[in-house]
Amino acid sequence: MSICDVRTARSLEEALVLTAEGWLPLAGGTDLVPRMKHGLLTGARVVIVRGLKELHGVHTTDTGLVVGACTTIADLCRSSACPPWLGGACAQIAGPRVRELATVGGALLQERRCRYYNRPVLWRTASGACLRTGGDRCLAGGDRCCATQRSLLSTVLVAVSASVVISRGAEERSVLLEDLYGPEAGAWRAGGIIRSVSISRMAEAEGKVAVEWIRRRASIDYHDLVVAGASRAGSPHEVSVTVGAAVPYPRRIVLPSPAPGGAIRSAATLIPSAQSGRLSPAYLRHAAVVLAGRVIARVAP
Ligand SMILES: Cc1cc2nc3c(=O)[nH]c(=O)nc-3n(C[C@H](O)[C@H](O)[C@H](O)COP(=O)(O)OP(=O)(O)OC[C@H]3O[C@@H](n4cnc5c(N)ncnc54)[C@H](O)[C@@H]3O)c2cc1C
Ligand code: SF4
C-alpha cells in the first residue's frame, strides 16, 4: 500500500487546508484507488471529500446549469435538470457500477493515462522507468510525456465552454475548464478542489452539441478518441470542435461554418506523434478528421 495517510474531511474548510498542504482529494476513488494499487502514489496523503454536501447537487440557475463536483455521473444522468445531450454523453462513461461511484470533479481531473504507466509495479520495473517515473526517456517515443486524459466528460464540457469554480487554500476562482488544462493552471489542477461546474444556458440548446468516439468495448474500456462539436446560438458562422482522449488534455478549435475540408483536417494536427495508447497516431489522426466531419454535420447551423 503506497498511501501513507487517509482522512475524511469533516468540512470543506478542513479539506482546503489539507489540499493546500499537498493532500490529494478523493471523491469516487475510481481513478485514484487503481493508481494507489499500482504503486503510483508512493507517500501520498489522501483526504476523502465525497461526503461534503457543498460539493453535491445539480441546479438550474438564471445563467445555466450548475453541477456540484462530487455529484456522481449516475446522479447527473438521473437529474431532471440534466439536458439530454449531457445525459446521453455521461451514459457512455464506463459502466453502471463505475458511474455510481465516479464523480464529475474526478472525471475532469482524472490522471492522464499511458500504456507504459498505468501498469502494476512489476510490469513497470521490467520495462524500465520513463520520464514520468524518474527515467530519462519516454517509452512511447515522445520528446516529452504525451500521456492522455481519457475523459469523455471533459471533452464534452470543453466543447461547450463550461467553467469550473475551484478553490485553492483561501483563494477561489472561476475559470474556463479549457484554461484549467493550460500549463499556467498546473498549480490549481494539482492543489485545488473543484467545487462546481457551470454550463451556460446558451450551450444547453438541444441539437447543438454532438459527440462521436472510438472505444473498443463499452463499459470496460476507456475511450481511445472523443470528438465533440458545438455550435452556439448567435454565432451562425462558426462551430467548435474539441478533440479529447487521444491528447494530453482536450483541445478545442473554432472553425468557420460551413467548414471547408482543409479546416476539418486541422483536427488531425492535435493528435501527438507518440503512441501512449493502443491505437497508432496515424489511425487516430485519420479518425479525428472523420469524427470531426460527422459532429460538424450534426451541429452546423
Ligand atoms: C473500469 C473503468 C472504465 C472507465 N471508462 C471510462 C470511459 O469509458 N470514459 C471516460 O471518460 N472515463 C472512464 N473512466 C474514468 C472515470 O470516469 C473516472 O475514473 C472517474 O470519473 C473519476 O472520478 P472519481 O470521483 O472516481 O475520481 P477519484 O478517483 O476520486 O479522483 C480522480 C482524480 O481527481 C481528483 N479529484 C477528484 N475530485 C476532485 C475535486 N472535486 N477537486 C479536485 N480534484 C479532484 C483526485 O485527487 C484524483 O487525482 C473509467 C474508469 C474505470 C474505473
Ligand atoms: S507518455 Fe512517455 S513519459 Fe509519459 S507516461 Fe507514457 S512512457 Fe511515460
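1. Thoughts on the site of ligand 2
- As a matter of local geometry, ligand 2 sits amid 14 residues, with C114, C130, L131, C138 and C145 nearest to it.
- When its residues are assigned to classes, the shell around ligand 2 shows 11 nonpolar, two polar and one charged.

2. Some thoughts on the environment of V197
- With respect to the helices and strands, the residue V197 is situated in strand β8 (residues 193–200).
- In this structure the C-alpha to C-alpha distance between V197 and V175, which are 22 residues apart in sequence, comes to 9.7 Å.

3. Here's the deal with the domain arrangement of the protein
- Annotation of the protein at the domain level lists domain 1 (3–202) and domain 2 (205–299).
- Look at where the C-alpha atoms of domain 1 and domain 2 centre, and you get two points 21 Å apart.
- At the interface, 31 residues of domain 1 touch 30 residues of domain 2.
- When contributions to the side of domain 1 that touches domain 2 are tallied by element, the ones reaching two or more residues are α4 (84–90) and α8 (152–159).
- Of all the elements, α8 adds the most residues to the side of domain 1 that touches domain 2, at six residues.

4. As for the environment of A287
- Structurally, A287 can be placed in helix α12 (residues 281–299).
- Note on A287: 21 C-beta atoms within 10 Å, which makes it buried.

5. Comments concerning the sheet that holds strand β5 (residues 64–68)
- Read across the sheet, five strands follow the order β4-β5-β8-β6-β7 without closing on themselves; strand pairing throughout is antiparallel. The sheet is open, and its two borders are formed by β4 (58–60) and β7 (171–176), each paired with just one other strand. Across this sheet, the average inter-strand angle for adjacent strands is 20 degrees, counted without regard to direction.
- Note that β5 and β8 share five bridges and pair antiparallel. In the strand pairing of β8, G64 is matched with S200.

6. Here's the deal with the site of ligand 1
- Neighbouring ligand 1 are 32 residues; G28, A102, G105, G106 and A107 lie closest to it.
- Residue composition of the shell around ligand 1, by class: 18 nonpolar, 10 polar and four charged.
- Both domain 1 (3–202) and domain 2 (205–299) contribute no fewer than three residues apiece to the shell around ligand 1.

7. Structural notes on the nonpolar core
- Counting residues in hydrophobic clusters, the biggest one holds 79 residues, and the most contacted among them are V49, V227 and A288.
- For this core, the leading source of residues is α12, giving eight residues.
- In this view, V227 contacts E212, V241, V243, A267, A288, L291, A292 and V295; residues no more than four positions away in its chain are not counted.
- Listed in part, the seven residues of the second largest apolar core include Y117, C130, L139 and A140.

8. Observations regarding the sheet that holds strand β12 (residues 251–256)
- Here four strands make up an open sheet; going across it, the order is β9-β10-β11-β12 and the pairing antiparallel. The sheet is open, and its two borders are formed by β9 (209–214) and β12, each paired with just one other strand. If you compare each strand with its neighbour and ignore which way they point, the axes differ by 20 degrees on average.
- Relative to strand β11 (residues 238–244), strand β10 (residues 225–230) is paired through five bridges, and the arrangement is antiparallel. Considered in β11, the bridge of A228 is made with T242.
- Those strands touched by α8 are β9, β10, β11 and β12, and its axis lies near 20 degrees from that of β10.

9. Focus on α8
- The buried count for α8 comes to eight of eight residues, which makes it a mostly enclosed element.
- Restricting attention to buried positions, one finds in α8 the residues L152, L153, S154, T155, V156, L157, V158 and A159.
- Phi for S161, located one or two positions after α8, is positive at around 55 degrees.

10. Here's the deal with helix α1 (residues 12–20)
- Restricting attention to buried positions, one finds in α1 the residues A15, L16, L18 and T19. When α1 is viewed along its axis, its buried side chains cluster within an angular range of 165 degrees and face the same direction.
- Looking one or two residues past α1, G22 carries a phi angle of roughly 105 degrees, positive in sign.

Reading guide: rules and limits
- Residues numbered from 1 in each chain as written.
- Chains lettered and ligands numbered in written order.
- Predicted model: local features only at pLDDT ≥ 70, side-chain atom pairs only at ≥ 80, totals over all residues.
- Near = placed C-beta within 6 Å.
- Nonpolar A, V, L, I, M, F, W, Y, C, P; charged D, E, K, R; others polar.
- Helix = DSSP H or I, 4+ residues; strand = E, 2+ residues; numbered from the N terminus.
- Domains from an automatic or database assignment.
- Contact = placed C-beta atoms within 7 Å.
- Buried ≥ 20, exposed ≤ 12 C-beta atoms within 10 Å, placed from the backbone.
- Pairing = 2+ DSSP bridges.
- Axes fitted to C-alpha atoms, helices over the stretch in contact; angles between N-to-C directions.
- Core = buried A, V, L, I, M, F, W, Y, C linked by C-beta atoms within 7 Å.
- Arc of directions from axis to C-beta.

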